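# Analysis of the macromolecular model
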Amino acid sequence: MAGSAVLMVTGFFDDRKGLSPWMKLGAHVLAPTVFFLLYPVHTGIFPESWPRIFDYAVFVVWVVVLINAFNLIDGLDGLCGGLAAITSVALAGMALINGRPDSAVLLLVMAGSVFGFLKYNFNPARIFLGDAGSMLIGFFLATAATDAVGRKAVVGIILLPIAVAGVPLLDVLLAIWRRGARRLARQLHGEKIVGGIFDADAEHLHHRLLESGGSQRKVAVVLQGISILLAVLAFLPMMFGDRMVAFTLVGFLIVVMVGMRNLARVEIEHTGSVVHMAIKLPGHRRRLAAALFLYDLLVLSLAGIVAVLIETNLRVRGDEVRHLARFVIIFPILGSIALLVVQVHRRLWVRATMRDILALQFWLLVAAGGTFALLSLMLVTMEWSAMRITIMSYVFACFGVCLPRVALDLLRELGLDARHLSWRKRENEVCNPTVVLGAGDLGTLLLEHLKSSAHDVYPGIRLLGFLDETRVLHGRRLRSFKILGGLALIPAP
């Protein structure tokens, strides 16, 4: 109640007169601080012998994130309250399973209160949460969730935020990604940066679904359905044990892939623009090449460390660690030398071919072979361990080193895809829906040209797809753009 009072007073003045983001953030930190001083929380992440300052820091971050998540998602009638009701009921069920009936009763009381509020908050709404209500809900769920779920080790710590606030947290992450990429794009373009990460915009999840043609009630129901799905996936390992972790991970992967394709196009568009400008501007090319070199060195080191940890069963066989740790030093050095010899950092892989990737993997194989030879000479009795570590390190390094080279071009292509497939008419902009005749080699070259062009080269153009007289191509896709049919689709003049 003491922590909630801080947020209620802050929300009251913010709803009445408006407060600066920093004043609100100060209240967001003060509320969990008051709570922690009156009711110390052990998060379960650190050993109990550690100073309480570590638990305090994690708890404050956790509460501040959830307060802001529910505050930002409160932009649609019935949305924030509906998500809060769903989460409260789910957490109450977990509390009963974990033998915490007191927490379950408290959560059900909140759920009943929110359900009563929702009767008058669904579209058309007659009452609203305001910042006072949305911040209070986020604070309540953050503080109640720890007691409800209990200390379920790493699985619970990782999955609890998704179960409690999957949709609001997704909206916060997309907002940070979107605003950060937009600011960086303007900075690279030499434009004056106006606004910050905390400034409001009209591109939250519910705004996008509304622009796609859904009503307020339908959008609220869709996002609440996604919240239920995420909560179920997150709670499965906490209810049925670690054997359900694989099922949960597969479910999350499917949700992420579908969500990125349909909900994150604005963020992908801005990211593609940043990559395009970073590649085109000479000064930024040099900085990007230097960043890639440091990235490669880090990847080679991590590949060796992970391989040694796997081989030694996470340091259970401690006698071997000291000897095999030499691999962690030798492999990054030889790998970096091999990459410098082939000069992979002097150019950016904006059009990486299979030959480039195979050459990169070959020289990493040479570095791995040299490391194995040196390690075998030093550790005569551990040849098989050295060989296994070499193979694992090579596989991890190939994946990690090749990833950004492929991702640079992939991000630009995804940016082109997002720019056209999710193009939305903005104020003072002209919309020119366009189809391209010919889905052969020239059509592919056109897409490559669009991918390598800045946003303002063809202003207002919205590429709908391709036309081609080859019937076997109809219905297929060329770089994400559909081949709609033949010339018969063009109406007669």
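Refer to the preceding data block for the structure.
Residues numbered from 1 in each chain as written. Predicted model: local features only at pLDDT ≥ 70, side-chain atom pairs only at ≥ 80, totals over all residues. Heavy atoms only, no water.

### Some remarks on the overall build of the chain
The helix and strand inventory of the chain stands at 16 helices and 4 strands. Among the 493 residues that make up the chain, the fraction classed as buried is 44%. Across the chain, the fraction of contacts at a sequence separation of at least 24, relative to all contacts at a separation of at least 6, is 72%. Approximately 26000 Å² of the chain is accessible, and the part contributed by carbon and sulfur atoms is 68%. (Helix = DSSP H or I, 4+ residues; strand = E, 2+ residues; numbered from the N terminus. Buried < 20%, exposed > 50% of the residue type's maximum accessible area, 1.4 Å probe, protein only. Contact = heavy atoms within 4.5 Å. Areas by Shrake-Rupley, 256 points an atom, 1.4 Å probe, with all protein chains shown as cover.)

### A short note on the pattern of salt bridges
Think of it this way: side chains of opposite charge can pair up when their charged atoms draw near. If you walk through the whole model with that rule in mind, you get 4 salt bridges. Residues Asp 14 and Lys 24 are paired through a salt bridge, measuring 3.3 Å at the closest nitrogen-oxygen approach. On the criterion of sequence distance, the pair formed by Asp 14 in helix α1 (residues 2-16) and Lys 24 in helix α2 (residues 21-38) is long-range, its members being 10 residues apart. Residue classification places Lys 24 among the buried residues on the basis of a relative accessible area of 14%. Shared partners join several salt bridges into a network, and the residues in it are Asp 14, Lys 24 and Asp 131. (Salt bridge = Lys/Arg side-chain N within 4 Å of Asp/Glu carboxyl O.)

### Comments concerning the sheet that holds strand β1 (residues 432-437)
Taken together, the 4 strands give an open sheet; going across it, the order is β1-β2-β4-β3, and neighbouring strands pair in mixed fashion. This sheet does not close on itself; its edge strands, each paired only once, are β1 and β3 (477-478). Two strands pair when backbone bridges link them, and β3 and strand β4 (residues 481-485) are joined in this way by 2 bridges, in the antiparallel orientation. Residue pairing in the sheet places Arg 477 in a bridge with Lys 482 of β4. Lying on the sheet, helix α16 (residues 441-451) is in contact with β1, β2 (461-467), β3 and β4; it crosses β2 at an angle near 160°. (Pairing = 2+ DSSP bridges. Axes fitted to C-alpha atoms, helices over the stretch in contact; angles between N-to-C directions.)

### Here we look at the environment of Val 41
With respect to the helices, strands and loops of the structure, Val 41 is situated in the loop between α2 and α3 (52-73). With 11 residues separating them along the chain, Val 41 and Arg 52 place their C-alpha atoms 8.8 Å apart.

### Section: the pairing of β4
Bridge analysis of β2 against β4 gives 2 bridges, and the strand direction is parallel. Directly across from Phe 466, in β4, lies its bridge partner Ile 483. Where β3 folds back on β4, the antiparallel hairpin that results is connected by 2 residues, among which Arg 479 adopts a positive phi of roughly 55°.

### Things to note about the packing of aromatic side chains
Following the criterion strictly, the structure yields 7 aromatic pairs and no others. On the numbers, 6.1 Å between centres and 85° between planes, the contact of Phe 35 with Phe 139 is edge-to-face. Of the two residues, Phe 35 sits in helix α2 while Phe 139 sits in helix α6 (residues 130-149), which places them 104 residues apart along the sequence. Using a relative accessible area of 3% as the deciding quantity, one classes Phe 139 as buried. Geometrically, the ring pair formed by Phe 362 and Trp 363 is edge-to-face, given 5.5 Å between the ring centres and 80° between the ring planes. Residue Phe 362 is classed as partly exposed on the basis of its relative accessible area, which comes to 47%. By the ring-pair criterion, three or more aromatic residues cluster together here, those being Phe 35, Phe 36, Tyr 39, Tyr 56, Phe 59 and Phe 139. (Phe/Tyr/Trp six-rings, centres within 6.5 Å; stacked < 30°, edge-to-face > 60°.)

### Focus on a nonpolar patch on the surface
Together, Val 306, Ile 310, Trp 384, Met 387, Ile 391, Val 395 and Phe 396 line one region of the surface with nonpolar side chains, adding up to about 660 Å² of accessible area. It is helix α15 (residues 383-421) that provides the largest number of residues to the nonpolar patch, a total of 5 residues. Among the structural elements, Val 306 can be located in helix α12 (residues 282-311). Here Val 306 falls in the partly exposed class, since its relative accessible area comes to 36%. (Patch = residues over 30% accessible without salt bridge, like charges linked within 9 Å, V, L, I, M, F, W, Y side chains within 5 Å.)

### Points about the packing of helix α4 (residues 79-97) against helix α5 (residues 101-118)
Contact geometry for α4 and α5: axes closest at 8 Å, N-to-C directions at 160°. Taken together, the axis directions place α4 and α5 in an arrangement best described as roughly antiparallel. Handedness of the crossing formed by α4 with α5: left-handed. In this structure, α4 contributes Gly 81, Gly 82, Ala 85, Ser 88, Val 89, Leu 91, Ala 92, Ala 95 and Leu 96 to the contact, and α5 contributes Pro 101, Ser 103, Ala 104, Leu 107, Leu 108, Met 110, Ala 111, Val 114, Phe 115 and Leu 118. A breakdown of the residues in the contact of α4 with α5 according to their chemical character gives 15 nonpolar, 4 polar and no charged. (Parallel < 35°, antiparallel > 145°, perpendicular 65-115°, else oblique. Left-handed = near helix turned anticlockwise from the far one by under 90°. Nonpolar A, V, L, I, M, F, W, Y, C, P; charged D, E, K, R; others polar.)

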